[in-house]
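Observations on the model geometry
This is what each chain is made of:
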Amino acid sequence: MAELPCAEPPPRCSGRFTISTLLGAEEAAGCEGTQLSGGSLCTRTFGYNTVDVVPNYEHYANSRGVGEAGRGRPSLADLHSILKPDPGHLRVPLPDPQRSNGLPDAEEGAGEPGRAPAPEPVRFGWVKGVMIRCMLNIWGVILYLRLPWITAQAGIALTWLIILMSVTVTTITGLSISAISTNGKVKSGGTYFLISRSLGPELGGSIGLIFAFANAVAVAMHTVGFAETVRDLLQEHNSLIVDPTNDIRIIGVLTVTVLLGISLAGMEWEAKAQILFFLVILVSFINYLVGTVIPASAEKQAKGFFSYRADIFAQNFVPNWRGPEGSFFGLFSIFFPSATGILAGANISGDLKDPAVAIPKGTLMAIFWTTVSYLVLSATIGACVLRDASGSLNDSVAVGSPGCEGLGCSYGWNFTDCAQRQSCRYGLSNYYQSMSMVSGFGPLITAGIFGATLSSALACLVSAPKVFQVSTGPCPSPCLCPQVTGQDIPAPLTPFSPQCLCKDELYPLIGFFGKGYGKNSEPIRGYMLTYVIAIGFILIAELNAIAPIISNFFLCSYALINFSCFHASITNSPGWRPSFRYYSKWAALFGAAISVVIMFLLTWWAALIALGIVVFLLGYVLYKKPDVNWGSSMQASSYNLALSYSVGLSEVDEHIKNYRPQCLVLTGPPNFRPALVDFVGTFTKNLSLMICGNVLIGPRKQKVPEARQASDGHTRWLLKRKIKAFYTDVLAEDLRSGVQMLLQAAGLGKMRPNIVALGYKRDWQAAAPQSLEDYVGILHDAFDFKHGVCLLRLREGLNVSRVPQAHINPTFGAAEQPGGNGTGSRAAPSIDPEQQASTIFQSQQGKKTIDIYWLFDDGGLTLLIPYLLGRKKRWGKCKIRVFVGGQINRMDEERKAIVSLLSKFRLGFHEVHVLPDINQQPRPEHTRRFEELIAPFRLNDGFKDEAAVNELRHGCPWKISDEEVHRHRAKSLRQVRLNEILLDYSRDAALIAITLPIGRKGRCPSSLYMAWLETLSQDLRPPVILIRGNQENVLTFYCQ
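1. What to know about the environment of S390
Locating S390 in the fold gives a position in the loop between α14 (355-382) and α15 (416-421). Taking the C-alpha atoms as reference, S390 lies 9.5 Å from W413; in sequence the two are 23 residues apart. S390 has contacts with A302, D395, F415, C418 and Y426, leaving out every residue within four places of it along the chain. A distance of 3.2 Å separates a polar atom in the side chain of S390 from the backbone nitrogen of S392.

Written out as structure tokens, the structure reads:
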């Protein structure tokens, strides 16, 4: 908690509250003339003029990489190193906390000053944007024109099985897409965006193109279904244009041209058209159900309709295969495209108000209601209509007439002749318009067919180009997006998410088709490409030939979506935190496998072609190696594989989503400090790197053989304890030099520590003064090497060794026994792996609390480590509480701001407490205890000048001058007050995590800094971890 002197805060600095008694004369100089690398101002935090800042939404917005500092947060150098004066007084204003409460008015920048505000784009909710769109896409041409025919072929029982098999695949896929879409903010690009950002550009890019192609072909399928219905109407009135086949082509081309015009008019007009189609379909359904209960007229009976009959249901319950498509999987391949509209909502993710909420809710509701409608329709029409009927009124006979065969004879109709010759024109097996015949008013069913086919065609026509409308989010930098600079950056797509449309460009010409126009950035060129592909397949003019082509491509897409969810889950990345919890990685794997199996069962040659295309596109992307970094699960998997294939990991860039706390644990011999080993091992097990470091001090000739012998013993001890960690030791002249070696050399490739974990030095008051300097110097070295620091303190201490006096590291001394925290060793005693001391971190914690005091923003590490602990079984029942500082008259506002920020991180922390009494003065007896604590280390120089103080302190750099006591008085009293708060709120907690204060190097004596740590954590029964990240983001609420 490093401060800047700030006599008067600048205009943008707004204090949370005032502690005049603590401020005193803590800082004499003003903060004018100070330049911070992160562009941060000297702000007032908890009433103090400080560089350190509280957690804020904007610090995590636009976060892109682990190595990039968040906006507005000071860098580690700002907090830790001596600040350099800036004559230019260059400032980057921070948001006014009084105005924003930590949450910006717009999530990201709203564009350049002076620019006219962008038109408000159209955004949809989950009903209009997802559920209705998915239901319309599912209720396509198959529903009206092929489901009755499939029921006649397969029977009601197998038709239900076909429906449920299809729904099983789509439901699992819906759960997977819900999980993927809620794992961070989703932008435009739909399915391609979700898969590519989850699995990476290789598989994501290939399946994105295949999915776009499948949607383009689906436009043709639904349009042909519409044209087929119009052709039948013309044929009934003897008004064909040319001939039955060419009429389908003519009508289809005209229809898709009209749909293209609606799409080009914009998403708002397209949505209005979809609502109209939805209402028409609902009316046609009601009309059909009413028709099934109306007594059948003679004309309808001649066509095979007799209302509900048990014997008709029984006859239609079993299959009756006919024709070349007469097989289970042949019919499945024809029906399956009718269940593939589940991604219609996800495909327009960029046009949804809240994709993370809309996609799961709308998709699953659409699957449920459409499944019910399919099952009801197949059961009702199978109970009402015979398979074969002539349609001729002359075929009526008396009941029981001789020579009459078939079920129709019991109702007075003889269809025997046409059934035997298979020349019947009506019945479920022969008449595709059976629903229209059954309904109460036939034209309404025709209108429903028009609505279903046109709505599905329109949805697919809109979905396919959206694949090309992909942006990588806010443009990271001009160097990453050279084609978008200066005035070329488009206006924001929404007031909350400005995008610079940096195209992925995984394949040639993708960027050309992805160019957006208008306020919604419509990909008009993508529409034209889809239009051309659709016309090409419309010319086939055969619905049963087009449907199986689509089935394989959609199944291939669904397999990759499910595999994306499985792969993201199995990699166990901390960045995989979907808000949607009702999914299973094993169900996703089953969905992926069954999709591939069904592909080959349907049409093996088409499956081979689809997989061949995927492999070809995959090979192209692997060859091209696009420069993209999306934090995909492939990167997370690469981390796990790096233990064996670390060389292959060198080309994988780091990403915040895949950030892992990789710890260098200064244990000395690991069996000396089992609690420290268990603590770090708990949150790194199966997750990240853990290296136990030991510094050997002594003659090289003696120590090298001992180190080789001891290393194997320490490794066996770790394995026996089931700690997944590496052990490494270095030989050095002193402890600090050895730790510096470990900081620089530990790890391999990307598997390098980013956190230094060590124990608290309990005997610092009685230890040799140089050991005190070395201990604090290790903390400074960790910060200098851009490492976070995690310091563990147990009430009973950490060191359980009983090493003779002669073998104790003088840096930490004998007085440290039994709980000190040395990291060096002079001897290599024999190590028995069977001797395993039990620690608090090996026991069940029960229903206690993990208390996090997130007082200053260090990038999120203070939150992440307790979150990872809470995911473990031993800590799973513990409730996590987050405490933040606040102002008593703004407690509700500040609590809402922090709750909102935490919810975006998806950590599951819901209990937030604001501490309004953090600004009170500590009790006098506690203040006196602190003064007594530092008294032995004071120079008592009487406020002499700096030169005189340096002369007095020559050889004793740990001594504290009167000026330093006065300068740091406010910060010292803050530690005293924080300890009082910890004792009040967290006396019975299972664990306390608190932000580690930082002492500025060269300005804060080591003894004073240790007095701060002692005061802050003393008298606490629970384990205390003091955490400080390296001031760079380790949490993000974006999905890329």
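2. Observations concerning the pairing of strand β5 (residues 726-732)
By the bridge criterion, 7 bridges tie strand β4 (residues 690-697) to β5 in an arrangement that is parallel. Residue pairing in the sheet places N694 in a bridge with D729 of β5. The parallel pair β4 and β5, bridged by helix α25 (residues 700-720), forms a crossover whose chirality is right-handed.

3. Points about the confidence of the model for the protein
Averaged over every residue, the pLDDT of the protein is 76; residues scoring 70 or more account for 76%. Here residues 64-70 scores under 50 on pLDDT; set against residues more than four positions off or in separate chains, the count is 17 contacts. Here residues 803-822 is a poorly scored stretch, pLDDT under 50, and it has 59 contacts once near neighbours within four places are set aside; other chains count.

4. Comments concerning helix α9 (residues 244-264)
With 21 residues, α9 should reach 30 Å at 1.5 Å per residue; the first-to-last C-alpha distance of 30 Å fits that figure. Of the positions making up α9, those classed as buried are D247, I248, I251, G252, T255, V256, L259, L260 and S263. A side-chain oxygen of the first residue of α9 lies 3.1 Å from the backbone nitrogen of T245; this N-cap is D243.

5. Some details on the side chain of D962
Relative to the elements of secondary structure, D962 occurs in helix α32 (residues 962-967). Residue classification places D962 among the buried residues on the basis of a relative accessible area of 7%. In this structure the side chain of D962 is engaged in a polar contact, spanning 2.9 Å, whose partner is the side chain of R938. Once residues within four sequence positions are removed from consideration, D962 is found in contact with R938, N940, D941, G942 and F943.

6. Section: the packing of aromatic side chains
A complete count under the given rule lists 27 aromatic pairs for this structure. Measuring from ring centre to ring centre gives 6.3 Å for Y867 and F909, while their planes differ by 65 degrees; the resulting arrangement is edge-to-face. Taken together, the residues Y867 in helix α28 (residues 861-870) and F909 in the loop between α29 (891-905) and β11 (911-915) connect sequence positions 42 residues apart. The residues Y867 and F909 share a single accessibility class, namely buried. Ring pairing ties together the aromatic residues F332, F336, F554 and Y558, which thus form one cluster.

7. Re the environment of V677
By the element assignment, V677 lies in helix α24 (residues 674-684). Exposure remark for V677: the relative accessible area of 0% places this residue in the buried category. Spatially, the C-alpha atoms of V677 and R721 are 9.6 Å apart, while their sequence positions differ by 44 residues. Setting aside chain neighbours within four positions, we find V677 in contact with T667, P670, M690, C692, W717, L718 and I723.

8. Remarks on the pattern of salt bridges
Counted according to the given criterion, the structure contains 18 salt bridges. Among the ionic pairs, E1014 bridges to R793, the shortest N-O distance being 3.3 Å. Residue E1014 is found in helix α34 (residues 1006-1017), and its partner R793 is found in strand β7 (residues 788-793); the two are separated by 221 residues along the sequence. The two residues E1014 and R793 agree in class, both being buried. By sharing partners, the salt bridges in this structure join R890, E893 and E894 into a single network.

9. Here we look at unusual backbone geometry
The phi dihedral of N686 falls on the positive side, at around 60 degrees, and the residue is not glycine. Along the chain, N686 turns up in the loop between α24 and β4. Phi angles above zero are rare outside glycine, and Q1031 is one such case at about 70 degrees. Looking at the element boundaries, Q1031 is found in the segment after β13 (1024-1028).

Rules behind the numbers
- Residues numbered from 1 in each chain as written.
- Predicted model: local features only at pLDDT ≥ 70, side-chain atom pairs only at ≥ 80, totals over all residues.
- Heavy atoms only, no water.
- Helix = DSSP H or I, 4+ residues; strand = E, 2+ residues; numbered from the N terminus.
- Contact = heavy atoms within 4.5 Å.
- Polar contact = N/O pair within 3.5 Å; in protein donor to acceptor, adjacent residues only side chain to side chain.
- Pairing = 2+ DSSP bridges.
- Right-handed = clockwise from strand over helix to strand, strands pointing away.
- pLDDT = per-residue confidence, 0-100.
- Expected span 1.5 Å × (residues − 1).
- Buried < 20%, exposed > 50% of the residue type's maximum accessible area, 1.4 Å probe, protein only.
- Phe/Tyr/Trp six-rings, centres within 6.5 Å; stacked < 30°, edge-to-face > 60°.
- Salt bridge = Lys/Arg side-chain N within 4 Å of Asp/Glu carboxyl O.

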